2 protein chains.
Amino acid sequence: MTSTGPANEATQSVREPRRARQIVLVGLSGVGKSSVGAELAARLGWPLLDTDDLVRARTGQTPAQLITGRGEPAFREIESSVVAEAATHEPAVIATGGGAFQAAANRRALGERGLICYLQAPPAEIARRLRADPGGSDRPLLAGDLEDRLRELEWERRPFYALADTWVPCLGLAPADIASRILGRWSADGARLLEAPGRLERLGVVDAPPVPAATVDTGTARYPIWVGSGERLRLPERLRELGLRGRVFLVSDTHVIEAHGADIARTFEAAGIAGASYVIPAGERSKALRVAQELYTWLASERAERGDVIVALGGGVVGDLAGYVAATYLRGMPVVQVPTSVLAMNDAAIGGKVAVDLPAGKNLVGAFHQPAAVISDIDVLATLPRRSYIEGFAEVIKHAFILDEDLLGLLERNANAFSAMTAPPELLATVIARSSRIKALVVSADPEERGLRSILNYGHTIGHGIETAAGLGEYLHGEAVSVGMVGAARIGARLGITPEDVSGRMSALLHAFGLPLTAPGVDPRAVLQAMRLDKKVSGGRTRFVLLDGIGAARLHADIEPALVDDVVRGLVGA
Amino acid sequence: MTSTGPANEATQSVREPRRARQIVLVGLSGVGKSSVGAELAARLGWPLLDTDDLVRARTGQTPAQLITGRGEPAFREIESSVVAEAATHEPAVIATGGGAFQAAANRRALGERGLICYLQAPPAEIARRLRADPGGSDRPLLAGDLEDRLRELEWERRPFYALADTWVPCLGLAPADIASRILGRWSADGARLLEAPGRLERLGVVDAPPVPAATVDTGTARYPIWVGSGERLRLPERLRELGLRGRVFLVSDTHVIEAHGADIARTFEAAGIAGASYVIPAGERSKALRVAQELYTWLASERAERGDVIVALGGGVVGDLAGYVAATYLRGMPVVQVPTSVLAMNDAAIGGKVAVDLPAGKNLVGAFHQPAAVISDIDVLATLPRRSYIEGFAEVIKHAFILDEDLLGLLERNANAFSAMTAPPELLATVIARSSRIKALVVSADPEERGLRSILNYGHTIGHGIETAAGLGEYLHGEAVSVGMVGAARIGARLGITPEDVSGRMSALLHAFGLPLTAPGVDPRAVLQAMRLDKKVSGGRTRFVLLDGIGAARLHADIEPALVDDVVRGLVGA
């Protein structure tokens, strides 16, 4: 049997690089590059080149032995020569050692023909996997406290990993799913990504350029999250970086515009950016179809076009409302989220869930519409009333418990400073960046809430019930979630799922931040009734996200109604 | 240099078929299987097995020579043996001869390991390409009138092509784009599609099962369009086939419910399907946010869940409104479109563009939300008022001119019967099925209107202007589009783009159907003003879809405003 080989057609019609017949996996040691690489190689029928294996084949020694015996620089030299050779093979899947991507020469060599995929997972998650893996001891760079060391390495390497063509979340996804995600990106965009102007120059930089605090990459949308001091005044620059050159339609509320409107207007004016703004009354009542209609009418009167951009400057209400309007006006316009509350920075602004409320329930009308960027300026938090500042940390604490024990330690050590609103800007930025990273990773893995993303609902089932039952504004969202987390921890403890000390640590931390642990006086029947109407309830059964431990949240179905009933009654003191 | 081969990992962890390391291309002769196959092979680094080439290699004769010399049955026998051998190779891209997929044994063999992709294009488009291709003469099965023969073959083979795992539009897309679409599907869904229960049995059927009149396959969503007599009474069965087992929320209008409500209610009742219905006032005024809000409130009071389904029973207003509500309620519920007007069957119901109007303009608020199915029952058309029946044919005639000359002939030969509403059901079903197929193909190629889909706007630029300027309800949509098509033909003719005889044939056909060619008395300044506000106008310039010939529509930018002005004045008799 003869076959028409691919080589002829390929060389005749288009020059080689457009094919992207090389997929390169980078990321921390232990994130799963080898297993994902094997899966990719099996599906594509391509060879898998593992640079650690190639080092072994060439020297007869493992990277661990080389580093221990001859020192890291000697190992890196050998690794570079192996990388350079691997990079000439095509087609191929190339899995690199965790540090290989730090050298500019390696990055350039790998980028020449390869689509570079950054496999990311939280250090805590990687540490858990490595501890379970007997081969994990053969990683000398991870000597010492495993998790601490992984965090250090991530910190050091993130600016370089950020240069990858695509970011792939490795959280709650099997190697086969991760491979599908990579192949989807490769088939849709491989050639275009490889030919992005200036790509090889960027890969070859020696000093890493500033990188966003976090990046969301859903496979079809990718966007940065910038966290820092003064970010709001960099908006014109950020819009330019994003290629958003149309007019700016700014949506904000009465409180926020009073505090920050003049600054931002001046910034846009100085940059020569045209646009208009619309200010809604502050408060949840504005998150309504009636107000969305006002915004549509305004956009129509301004003749907004698809190439213009909506900037949502405010808390969750502004973000959800303006995001929903952006999702639906002209069947979709870009939106940049500029959250101004701790809560919005850590929750609503990231992930593309946009909605308005109906009288019958919150968020009943909405869409998934990923923003073009999230810009979190921590300077604006100083102007928040204390109660609003504090409530936002309920979501930060949630992120720490469900996925980031290190963040948890940071919060515990600094609870008093946060509670007094005296945390220094660097600390505040660090905490919000880490928390954003957790949210970004989870929504990257599951953008339309089909599975993993439900862990973000930790504390929200009872929390929403309390919010609704107490009446609008009685409990702030974060306060209700705080009580809800205590409730979820108690349910978990009673079922023997959540260890008692986890439950205790949670109550202590929430308390230290000044967040409520109970909701005295709220009618328990109303809470339970509201929980039954929640979108998260399916077929009448209440499902709960519970903690198996710190950093280990899981959805549990079919929780005994009598137990829920009892815990809710305990929370409201009934 | 050593490399870790993929074979070990693959066989150890998962059994082979899950990998889908074989991509099979089927479709009519000339649709582009070889060039798409070459592109796929080049990107994947897999061999391309072309069954026609393999026949040549084995016998020393081309398929054409074999068929001419030894007869088709002898050729088919050789082809089957070649297909059987090709199907054992892995990985591989397999391009089949146009008729190879008709034999049950071949289908089963190809389906064993291969993801089967049906490349589809209208026969007229294929004929155009074959005429331009010098190798095209070596296709003996295409002897005689090329286009007629292609249409015959398509008719004969469509039921079998319909069994493919994925449908790929080859219209306005380069081989590289088509390859990307196939690879996207392969990477996201290849394994799942190959393991669909009963797939091999379906592939192996001898008598083709009934197939939908058309299928939309956007790469992420695939759904059938059923066209026929009595289809509305098969709704419960269709919902079952689609796996929609929740409650049914029926949205309709006062006119439609009076004519068909009882029938359909009985049908659901007999099938034991629970649900509720909501009736809106007939007419464009109902396509408003206010009415959407009523529907949301109704769905909330009924506790609709994401697993339930909205059925939109009515014309374009009901379809657009209910589709928009489905796109946004709970961030998206499934919707089944059951269009009851000629216009909706050929236009609004297919393609997922859903919207409501604002006072400032039509369709300003909306989304892209593909339905789960479109069910067109031609029996309901008999109850339409004549004016509404006739207006719908403006879109059918548009589809014929932009993409299907054969449909054009059918309409010309039967214009009197349609105009008198006496066309027999079979003819009506055939015409609507063909027209649906054109729309399905275009939206499959370009679901979010980034390019090709704009050809569907033929006649709509001036048409929308007339609709708006004349005032709501003065001109029905199809009537305005009819005048708009005459205008576009005149602009094309004045620019030397559209041949005079095309323009003449268009006016004659529209006239024969009883559709207007002019809009006397409408204010031309108002028409031009409304055109400037249209979503299709970008940066103030009016772009027009014009006909280079029959079946050859193209977007032209920068049409001289004075020319447009003059043509519009001519149309309104000013």
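Residues numbered from 1 in each chain as written. Chains lettered and ligands numbered in written order. Predicted model: local features only at pLDDT ≥ 70, side-chain atom pairs only at ≥ 80, totals over all residues. Heavy atoms only, no water.

Peer 1: Break down the relation of the copies chain B and chain A for me, with residues and values.
Peer 2: Related by rotation about an axis and a shift along that axis, the two copies of the chain form a pair. In screw terms, the move from chain B to chain A is a rotation of 180° and a rise of 0.1 Å along the axis, fitting with an RMSD of 0.0 Å. Taken together, the turn and the small shift mark the pair as related by a two-fold rotation axis. Ranked by how close their C-alpha atoms come to the rotation axis, the residues of chain B are headed by Gly-184 of chain B, at 2.5 Å. Both copies present the same face, since 100% of the interface residues in chain B are matched by interface residues at the equivalent positions in chain A. (Least-squares fit on C-alpha atoms with pLDDT ≥ 70 in both. Contact = heavy atoms within 4.5 Å.)

Peer 1: Now, about the sheet that holds strand 2 (residues 48–50) of chain B: what can you tell me, with residues and values included?
Peer 2: Paired through their backbone hydrogen bonds, the strands of a sheet run either parallel or antiparallel. Residue and element names in this part refer to chain B. One open sheet accounts for five strands, arranged 2-3-1-4-5; its pairing is parallel. Sheet topology places strand 2 and strand 5 (166–169) at the edges, where each strand pairs with a single neighbour. Taking the axes of each pair of neighbouring strands and ignoring which way they run, one obtains an average angle of 25° across the sheet. In terms of strand pairing, strand 1 (residues 22–26) meets strand 4 (residues 115–120) through four bridges, oriented parallel. Within the sheet, the bridge partner assigned to Leu-25 lies in strand 4 and is Cys-117. Sitting on the sheet, helix 8 (residues 146–161) touches strand 1, strand 4 and strand 5, and the angle it makes with strand 4 is about 150°. (Pairing = 2+ DSSP bridges. Helix = DSSP H or I, 4+ residues; strand = E, 2+ residues; numbered from the N terminus. Axes fitted to C-alpha atoms, helices over the stretch in contact; angles between N-to-C directions.)

Peer 1: Requested: an account of the side chain of Ser-252 of chain B, with residues and values cited.
Peer 2: Structurally, Ser-252 of chain B can be placed in strand 8 (residues 248–253). Look past the residues within four positions of Ser-252 of chain B in its chain and what remains in contact with it is Ile-257, Tyr-278, Val-279, Ile-280, Leu-313 and Val-318 of chain B.

Peer 1: Which residues make up the pattern of salt bridges, and what values go with them?
Peer 2: As a working rule, side chains carrying opposite charge can pair if their charged atoms are close by. All names here are of chain B. This model, assessed by the stated rule, comprises 86 salt bridges over all chains. As a salt-bridge pair, Lys-362 and Glu-284 come within 3.9 Å of each other at their nearest N and O atoms. Separated by 78 residues along the polypeptide, Lys-362 in strand 13 (residues 361–368) and Glu-284 in the loop between strand 9 (275–280) and helix 13 (289–301) bring together distant segments of the chain. Two residues, Asp-548 and Arg-554, come together in a salt bridge whose shortest N-O distance is 2.8 Å. The class for Asp-548 is partly exposed, based on a relative accessible area of 30%. We classify Arg-554 as partly exposed; its relative accessible area is 45%. (Salt bridge = Lys/Arg side-chain N within 4 Å of Asp/Glu carboxyl O. Buried < 20%, exposed > 50% of the residue type's maximum accessible area, 1.4 Å probe, protein only.)

Peer 1: So what's going on with the nonpolar core? Residues and values would help.
Peer 2: Counting residues in hydrophobic clusters, the biggest one holds 121 residues, and the most contacted among them are Ile-23, Ile-182 and Trp-186 of chain A together with Ile-23, Ile-182 and Trp-186 of chain B. Filtering out sequence-adjacent residues up to four positions away, Ile-23 of chain A remains in contact with Leu-40, Leu-44, Trp-46, Ala-92, Val-93, Ile-94, Leu-115, Cys-117, Ile-182, Leu-183 and Trp-186 of chain A. (Core = buried A, V, L, I, M, F, W, Y, C linked by side-chain atoms within 4.5 Å.)

Peer 1: So what's going on with the packing of aromatic side chains? Which residues, and what values?
Peer 2: Counted according to the given criterion, the structure contains 22 aromatic pairs over all chains. Look at Phe-101 of chain A and Tyr-161 of chain A: their rings are 6.5 Å apart centre to centre, the planes differ by 15°, and that puts the pair in the stacked class. One end of the pair, Phe-101 of chain A, is in the loop between strand 3 (92–95) and helix 6 (104–113); the other, Tyr-161 of chain A, is in helix 8 (residues 146–161), with 60 residues separating them in the sequence. Here the aromatic rings of Phe-249 of chain B and Trp-298 of chain B are separated by 5.6 Å at their centres, their planes lie at 85°, and the arrangement is edge-to-face. On the criterion of sequence distance, the pair formed by Phe-249 of chain B in strand 8 and Trp-298 of chain B in helix 13 is long-range, its members being 49 residues apart. Just as Phe-249 of chain B is buried, Trp-298 of chain B falls in that class too. What links up through ring pairs into an aromatic cluster is the set Phe-101, Tyr-118, Tyr-161 and Trp-167 of chain A. (Phe/Tyr/Trp six-rings, centres within 6.5 Å; stacked < 30°, edge-to-face > 60°.)

Peer 1: Describe unusual backbone geometry, naming the residues involved and giving the relevant values.
Peer 2: All names here are of chain A. Of the consecutive residues Glu-90 and Pro-91, the connecting peptide bond is found in the cis state with omega at -5°. Along the chain, Pro-91 turns up in the loop between helix 5 (72–86) and strand 3. A positive phi angle, close to 55°, is found at Glu-449, a residue other than glycine. Residue classification places Glu-449 among the buried positions, given a relative accessible area of 19%. For Asp-558, which is not glycine, the phi torsion reads 60° and is therefore positive. Counting through the fold element by element, Asp-558 comes out in the loop between strand 16 (552–556) and helix 24 (561–572).

Peer 1: Got a sec to walk through the pairing of strand 12 (residues 353–358) of chain B? Specific residues and values, please.
Peer 2: All names here are of chain B. Counting buried residues in strand 12 gives five out of six residues, a clear majority hidden from the surface. For strand 12 and strand 13, the ladder comprises five bridges, and the chain directions are antiparallel. Bridged to Leu-358 within strand 13 is Gly-361. The loop that links strand 12 with its antiparallel partner strand 13 comprises two residues.

Peer 1: Could you give an account of the confidence of the model for chain A, with specific residues and numbers?
Peer 2: A low pLDDT means the predicted coordinates there should not be read in detail. All names here are of chain A. Per-chain confidence: chain A averages 91 in pLDDT, with 94% of residues scoring 70 or above. Segment residues 1–17 is flagged for pLDDT under 50; beyond a separation of four residues in sequence, or across chains, it makes 32 contacts in the model. Here the complex is predicted with pTM 0.90, and the ipTM for its interfaces comes to 0.88. (pLDDT = per-residue confidence, 0-100.)

Peer 1: Give me the lowdown on the packing of helix 9 (residues 175–194) of chain A against helix 9 (residues 175–194) of chain B, citing residues and values where you can.
Peer 2: It is at 8 Å that the axes of helix 9 of chain A and helix 9 of chain B come closest, and there the two elements cross at 175°. With respect to helix 9 of chain B, the element helix 9 of chain A is oriented roughly antiparallel. Along its contact with helix 9 of chain A, which presents Ser-180, Leu-183, Gly-184, Trp-186 and Ser-187 of chain A, the element helix 9 of chain B presents Ser-180, Leu-183, Gly-184, Trp-186 and Ser-187 of chain B. Grouping the constituent residues of the contact of helix 9 of chain A with helix 9 of chain B by class yields four nonpolar, six polar and no charged. (Parallel < 35°, antiparallel > 145°, perpendicular 65-115°, else oblique. Nonpolar A, V, L, I, M, F, W, Y, C, P; charged D, E, K, R; others polar.)

Peer 1: Before we move on, could you go through the environment of Arg-131 of chain B and cite the residues and values that matter?
Peer 2: Residues and elements named next belong to chain B. Of note, Arg-131 is situated in helix 7 (residues 123–132). Spatially, the C-alpha atom of Arg-131 lies 8.7 Å from that of Leu-146, the residues being 15 residues apart in sequence. In this structure Arg-131 touches Leu-146 and Glu-147, once residues within four positions along its chain are discounted.

Peer 1: Tell me about the packing of helix 16 (residues 386–403) of chain B against helix 19 (residues 425–445) of chain B, and name the residues and values.
Peer 2: All names here are of chain B. The interhelical angle for the contact between helix 16 and helix 19, taken along N-to-C directions, is 55°, at an axis separation of 10 Å. Accordingly, the angle class assigned to the pair helix 16 and helix 19 is oblique. Seen from above, helix 16 lies across helix 19 with left-handed handedness. In this structure, helix 16 contributes Tyr-389, Phe-393, Val-396, His-399 and Leu-403 to the contact, and helix 19 contributes Leu-428, Val-431, Ser-435, Ile-438, Lys-439 and Val-442. (Left-handed = near helix turned anticlockwise from the far one by under 90°.)

Peer 1: I'd love a proper account of the interface of chain B and chain A, names of residues and values included.
Peer 2: With 62 residues of chain B at the contact, the number on the chain A side is 62 residues. For the pair chain B and chain A, the summed buried area comes to about 5,300 Å², and 59% of that belongs to carbon and sulfur atoms. At the junction of chain B and chain A, the tally comes to zero salt bridges. If you look at where chain B meets chain A, you find 17 residue pairs in polar contact (both at pLDDT 80 or more). A breakdown of the residues in the side of chain B that touches chain A according to their chemical character gives 34 nonpolar, 14 polar and 14 charged. (Buried area = accessible area lost by both parts, 1.4 Å probe. Polar contact = N/O pair within 3.5 Å; in protein donor to acceptor, adjacent residues only side chain to side chain.)

Peer 1: Quick rundown of helix 3 (residues 51–59) of chain B? Include the residues and the values.
Peer 2: All names here are of chain B. For helix 3, the set of buried residues is Thr-51, Leu-54 and Val-55. All buried residues of helix 3 lie within an arc of 105° about the axis, which places them on one face of the element. N-capping of helix 3 is provided by Asp-50, with a side-chain oxygen placed 3.0 Å from the backbone N of Asp-52. One or two residues past the end of helix 3 sits Gly-60, with phi positive at roughly 75°. (Arc of directions from axis to C-beta.)

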